[in-house]
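Inside the fold
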Amino acid sequence: MANSRNSRKLNDEGALQRAFERALGEVLARVFVCAPDSPRRLGVALSGGLDSTVLLHLASRYAAEHGVVLHAFHVHHGLSPNADAWEAHCRREAQRCGIAFASRRVEVDRNDKRGVEEAARIARYAALGDMCRASGVGLLLAAHHRDDQAETVLLQLMRGAGLPGLSGMAACQLQHELLGEGVALGRPLLGIARAQLEIASRSASLIHVSDESNTDTRYRRNALRHEISPLIETHFPGFGALVARSASHAQSAQGLLHELAMIDLETCKADALGATLQLSALRQLSNDRADNLLRHWLYRQGVKLPSTSRLDEIRGQMLDAQADTHPFFDFGDMSLHRIGMRLELHPRAGASPEEPIGLRWAGEPEIAVPQWRGRMLFEMTPGAGLDPTALRGAALTLCARRGQERLKLADNRPSKSLKSLFQEASVAAWQRKWLPLLYLDDHLVFAAGLGMDVRHFRTMPGVVLRWIPD
């Protein structure tokens with residue numbers, strides 16, 4: 001078939017195919033290092049443009065020789081009047097190569113505040129990730145090349161990015177935040193110049209489509225590609241390769257910072273999983289080292305990384321605040337809190353229930369209360385506790401604090417207001433609203449996060465209450 005001959009021509013060029021397979025081998029070694037066998041399925045992100053078309057044919061040659069099932073995935077954005085034609089073209093190319101093809105249509109809001117480019121990119125990666133998972137593909141190949149890398153680094157430089165941004169694109173990402181779980185991203189053409197891909201395409205007589213938006217210099221990347229890069233090239237020939245080399249140096253430096261952050265996390269973590277940080281240990285680090293650890297820690301927990309100025313503010317307030325204060329920072333779905341001598345991240349809880357909730361205890365060990373996102377545990381104890389008989393026949397009510405409530409936690413301690421007890425226990429104000437109170441026949445007998453009121457205990461074996469948040 002025509003495209004089989006085209007693929008052979010690409011292979012006859014020799015150098016390109018060998019460079020591609022070396023790069024792909026390095027990607028596979030990273031992605032499947034723990035897998036017992038080589039991958040049996042790979043995916044190619046196919047837009048129909050020159051770069052992805054060359055990638056498709058290089059990958060199809062590799063797949064045929066190594067017994068790998070190759071899938072081509074196309075995303076139809078609907079932003080161009082030619083989108084239907086591009087989708088049909090990609091389908092034909094895949095069929096000619098004997099490759100499985102899938103396409104997904106997405107809607108992009110042209111008025112998205114992030115911009116059309118960014119909104120389309122987010123939608124595209126999400127659709128590609130979904131198609132990979134549906135086809136059992138764990139590694140998706142993208143056609144980013146060396147010129148793309150240079151453009152990315154220059155754009156990041158113009159934004160004032162740090163090392164992560166100046167590192168550009170990685171040849172392999174085991175977890176890409178936009179693709180979603182279970183799909184790695186590989187860029188086996190990242191060391192190859194676009195000019196080489198153009199030569200290979202002409203040599204193999206490959207057919208590709210052209211996106212008219214790629215010439216629109218209102219988009220920054222296009223302006224860089226068509227207006228700025230040619231000017232730089234006249235004064236600094238081959239600058240793209242040099243910028244890409246600088247990106248690789250930045251990647252190495254960023255890798256060392258990552259290793260340092262892992263070492264510091266072991267020193268500063270306040271729990272076995274590293275979900276919380278000890279302030280006393282964090283204070284022993286230099287500002288730069290503390291910032292490096294905080295970025296790493298926030299990223300591990302899925303938080304969008306703050307700007308340098310905001311990170312300075314976070315470090316200053318969290319490390320220097322008085323022990324009895326509870327500063328916090330909002331990260332959208334998550335919030336960062338200082339509780340005692342720890343830093344903790346918590347999901348945004350929203351408003352707790354306003355109306356009281358009646359409970360009926362029939363002797364079960366626990367009662368789930370989804371409205372309060374938790375469970376009330378009833379534990380029999382040989383010591384003092386609530387009378388189980390009285391509990392079974394009583395009206396139990398779970399409700400929020402109203403103010404002026406008091407609790408006596410021990411026989412040798414006076415009763416105190418809940419506000420004072422929460423302060424003594426270092427329970428932050430934001431936590432208190434999701435700690436319900438339990439009333440037994442209009443008597444406050446338990447406050448989540450604090451304990452039970454001993455004035456309602458009996459000395460014989462009874463029931464002890466505990467609250468477990470979900």
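Remember, it's a predicted structure, so these values are computed and weren't measured experimentally.

What to know about the overall build of the protein
- Along its length, the protein carries 16 helices and 20 strands.
- With respect to the principal axes defined by its C-alpha atoms, the protein has extents near 90 × 50 × 45 Å.
- Looking at the 470 residues of the protein, the share that counts as buried comes to 44%.
- Excluding contacts between residues fewer than 6 apart, the proportion of contacts in the protein whose partners are at least 24 apart in sequence is 66%.
- Entry remark: accessible area of the protein is about 24,400 Å², with carbon and sulfur atoms responsible for 52%.
- Charge separation in the protein, taken as the distance between the mean sites of 57 positive and 53 negative side-chain charges, equals 1 Å.

Focus on the pairing of strand E13 (residues 374-381)
- The pairing of strand E12 (residues 366-369) with E13 spans four bridges and is classified as antiparallel. Paired with Ala368 across the two strands is Arg375, which belongs to E13.
- Between the antiparallel neighbours E12 and E13 lie four residues, among them Arg373 with a positive phi of about 55°.
- Pairing of E13 with strand E20 (residues 462-469) involves eight bridges; the strand directions are antiparallel.

Details of unusual backbone geometry
- Here Ser205, not a glycine, exhibits a phi torsion of approximately 55°, which is positive.
- Along the chain, the position of Ser205 falls in the loop between helix H8 (194-203) and helix H9 (220-235).
- Although it is not a glycine, Arg373 sits at a positive phi angle of roughly 55°.
- Here Arg373 is to be found in the loop between E12 and E13.

So, the pattern of salt bridges
- All told, the structure shown has 22 salt bridges when counted by the stated rule.
- For Arg342, the salt bridge identified is with Glu344, shortest N-O distance 2.4 Å.
- With relative accessibility at 9%, the residue Glu344 sits in the buried group.
- In this structure, the salt-bridge partner of Arg455 is Asp453, at a minimum N-O distance of 2.8 Å.
- Of the residues examined, Arg455 reaches a relative accessible area of 49% and is grouped as partly exposed.
- Of the residues examined, Asp453 reaches a relative accessible area of 1% and is grouped as buried.
- A single salt-bridge network, built from bridges that share partners, covers Asp148, Glu151, Arg221 and Arg225.

Here we look at the packing of helix H2 (residues 15-31) against helix H3 (residues 50-66)
- Where H2 contacts H3, the two axes come as close as 11 Å, and the packing angle between them is 70°. By the angle between their directions, the pair H2 and H3 is classed as roughly perpendicular. Contact residues: Leu16, Gln17, Phe20, Glu21, Leu24 and Leu28 in H2; Val54, Leu55, Leu58, Ala59, Arg61, Tyr62, Glu65 and His66 in H3.
- Across the contact of H2 with H3, the residue classes tally to nine nonpolar, two polar and three charged.

Parameters and conventions
- Residues numbered from 1 in each chain as written.
- Predicted model: local features only at pLDDT ≥ 70, side-chain atom pairs only at ≥ 80, totals over all residues.
- Heavy atoms only, no water.
- Helix = DSSP H or I, 4+ residues; strand = E, 2+ residues; numbered from the N terminus.
- Buried < 20%, exposed > 50% of the residue type's maximum accessible area, 1.4 Å probe, protein only.
- Contact = heavy atoms within 4.5 Å.
- Areas by Shrake-Rupley, 256 points an atom, 1.4 Å probe, with all protein chains shown as cover.
- Lys, Arg positive; Asp, Glu negative; His and termini not counted.
- Charge placed at Lys NZ, Arg CZ, Asp CG, Glu CD.
- Pairing = 2+ DSSP bridges.
- Salt bridge = Lys/Arg side-chain N within 4 Å of Asp/Glu carboxyl O.
- Axes fitted to C-alpha atoms, helices over the stretch in contact; angles between N-to-C directions.
- Parallel < 35°, antiparallel > 145°, perpendicular 65-115°, else oblique.
- Nonpolar A, V, L, I, M, F, W, Y, C, P; charged D, E, K, R; others polar.

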